[in-house]
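An overview of the molecular structure
This is what each chain is made of:
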Amino acid sequence: MKEKATPAQIQAVTTMFGALADASRLNILIFLAEREHSVGELSDRMDEAMTTVSARLQVLHGARLVARRREGRSIIYSIADDHVLTLVRNALAHASEHH
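Read on for an overview of the structure. Keep in mind it's a predicted model, so treat the numbers as computed, not measured.

Here we come to the side chain of H37. Tracing the chain through its elements places H37 in strand β1 (residues 37-38). Among the polar contacts listed, one links the side chain of H37 to the side chain of R45, at a separation of 3.4 Å. Residue contacts for H37: discarding those within four places in its chain leaves F31, L32, L42, R45, I75, I76 and Y77.

Here it is, written out as structure tokens:
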């Protein structure tokens with residue numbers, strides 16, 4: 001790396017990796033990589049209470065890993081940007097490698 005990381009960047013990365021360190025939150029990101037979902041759709045897909053999924057989405061949103069928008073009475077979640085999608089794909093690819 002050419003650039004020195006700032007303390008703010010280090011903290012943001014720590015928060016991001018902390019959010020990724022939970023299997024259920026990672027599964028949400030994998031589902032969102034396919035397409036955007038409402039909390040209800042994710043709840044059904046994960047067979048978990050909407051309050052549980054909503055709490056997980058709050059952590060992911062706080063770590064800037066997901067974006068949200070209102071559609072009528074629903075909140076629709078998606079992957080925040082291409083960096084997050086690449087991060088998740090690279091992590092899964094790395095986990096699949098045999099060392």
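Now that the structure is up, let's keep going.
As a further point, take the sheet that holds strand β2 (residues 66-71). Reading across the sheet, the 3 strands line up as β1-β3-β2 and stay open at both edges, with antiparallel pairing between neighbours. A single partner strand is all that each edge strand has here, and the edge strands are β1 and β2. As paired strands, β2 and strand β3 (residues 74-79) are joined by 6 bridges and run antiparallel to one another. Counted as the bridge partner of A67 is S78 from β3.

Further remarks concern the nonpolar core. Counting residues in each nonpolar core, the largest one holds 21 residues, and the members touching the most others are I28, L29, L32, L57 and L65. Mapped onto this core, the elements with two or more residues apiece are α1 (7-20), α2 (23-34), α3 (39-46), α4 (50-62), β3 and α5 (82-96). Non-local contacts of L57, meaning those with residues more than four positions away in its chain, are made with I28, L32, V39, L42, V66 and Y77.

When two helices pack together, their arrangement is captured by the angle between the axes and the distance separating the axes. Across the interface, α3 lies against α4 with an axial gap of 9 Å and an inter-helix angle of 110°. By the criterion of interaxial angle, the relationship of α3 to α4 is roughly perpendicular. Considering only the axes of α3 and α4, their crossing is right-handed. Two secondary-structure elements touch here, α3 through V39, G40, L42, S43 and M46 and α4 through M50, V53, S54 and L57.

Cut-offs used in this document
- Residues numbered from 1 in each chain as written.
- Predicted model: local features only at pLDDT ≥ 70, side-chain atom pairs only at ≥ 80, totals over all residues.
- Heavy atoms only, no water.
- Helix = DSSP H or I, 4+ residues; strand = E, 2+ residues; numbered from the N terminus.
- Polar contact = N/O pair within 3.5 Å; in protein donor to acceptor, adjacent residues only side chain to side chain.
- Contact = heavy atoms within 4.5 Å.
- Pairing = 2+ DSSP bridges.
- Core = buried A, V, L, I, M, F, W, Y, C linked by side-chain atoms within 4.5 Å.
- Buried < 20%, exposed > 50% of the residue type's maximum accessible area, 1.4 Å probe, protein only.
- Axes fitted to C-alpha atoms, helices over the stretch in contact; angles between N-to-C directions.
- Parallel < 35°, antiparallel > 145°, perpendicular 65-115°, else oblique.
- Left-handed = near helix turned anticlockwise from the far one by under 90°.

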